[in-house]
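# Residue-level structural notes
In case you want the letters, here they are:
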Amino acid sequence: MQPNPSTPHVHLSGTEVACAMLIAARRRLENVRIHKRKDAHGFNPQHAWHAEIEGVMAEMALAKHLDHYYGGAGEFRGADVGDIEQVKQTTYPKGRLCLNFNAVEDNHRYWLLIGRDGDYDIKGWIWGRDAQKDEFIDDPLAKKKGIPKDRPAWFVPWNALTQENGRIRTPTPNTRR
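Owing to the predicted nature of the structure, the values given are computational and were not obtained by experimental measurement.

### What to know about the sheet that holds strand E6 (residues 137–138)
Here 3 strands make up an open sheet; going across it, the order is E3-E7-E6 and the pairing antiparallel. Two strands lie at the open edges of the sheet, namely strand E3 (96–100) and E6, each paired on one side alone. Inspection of the sheet shows E3 paired to strand E7 (residues 153–157) by 5 bridges, in the antiparallel sense. From the neighbouring strand, Leu-99 faces E7, where its bridge partner is Trp-154.

### Focus on the nonpolar core
Judged by nonpolar contacts, the single largest core of 24 residues is most densely connected at Leu-12, Val-56, Leu-62, Tyr-70, Trp-111, Leu-113 and Tyr-120. Of all elements in the fold, only helix H1 (14–34), helix H2 (48–65), strand E4 (109–116) and strand E5 (119–127) reach the threshold of two or more residues within this core. Residues within four places of Leu-62 in sequence aside, it is in contact with Val-81, Glu-85, Val-87, Trp-111 and Leu-113. Ranked by size, the runner-up nonpolar core spans 12 residues in total, among them Leu-99, Tyr-110, Ala-131 and Phe-136.

Cut-offs applied
Throughout, a residue's number is its position along its own chain's written sequence, starting from 1. For this predicted model, a pLDDT threshold of at least 70 governs which residues receive local features, and a threshold of 80 or more governs which side-chain atom pairs are given and counted, while totals over whole chains, interfaces and linings are taken from all residues. Only hydrogens and water are set aside when side-chain values are computed; all heavy atoms of the structure are taken into account. Strands are treated as partners if at least two bridges between them are detected by DSSP. Each helix is a run of DSSP H or I of at least 4 residues and each strand a run of E of at least 2, with the numbering of both proceeding from the N terminus. To define a nonpolar core, start from buried Ala, Val, Leu, Ile, Met, Phe, Trp, Tyr and Cys residues and group those joined through side-chain atoms within 4.5 Å. Burial here depends on accessible area, computed with a 1.4 Å probe over protein chains only, as a share of the maximum for the residue type. Under 20% is buried, over 50% is exposed, and the range in between is partly exposed. Throughout, a contact is declared for two residues whenever any of their heavy atoms are within 4.5 Å.

Interpretation note: all reported values are geometric properties and have no functional meaning in isolation.
This is how it looks when you write it as structure tokens:
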């Protein structure tokens, strides 16, 4: 992935990628075998291991960007990094921040990272309460496959995320607004 000079870019080292793989494997096994959690929102379980690894790498990349220690032992439905940072990752260059209904915390920041394999552009963030707007509701799979809307969610375009002159305004840890 070629870094975009107007967007913060994070590159994970080989050691960081290896750590992410171990954390992702532990998390996946814990969710499936111990907690008996099922994949949701139409997610194809065939891609579960890869998605889990990419998700953890994106969390590590944001933690690195924010200069925050990442231990990888977050709680289910808890923040991904620190107390209020949530991370969503996509490989699509024009991807949007996807937030599923009933899974958004108003006072959490949701970050969009675009990339894969340990290289991520940090596109920005939005408060959970600000992402829950009707204008962001979409169901792109239904449009693509021509099936009735059955999986709508909020899809926030990256140009609606908090940015400043092409650089992310890094929030201070205790600032809510």
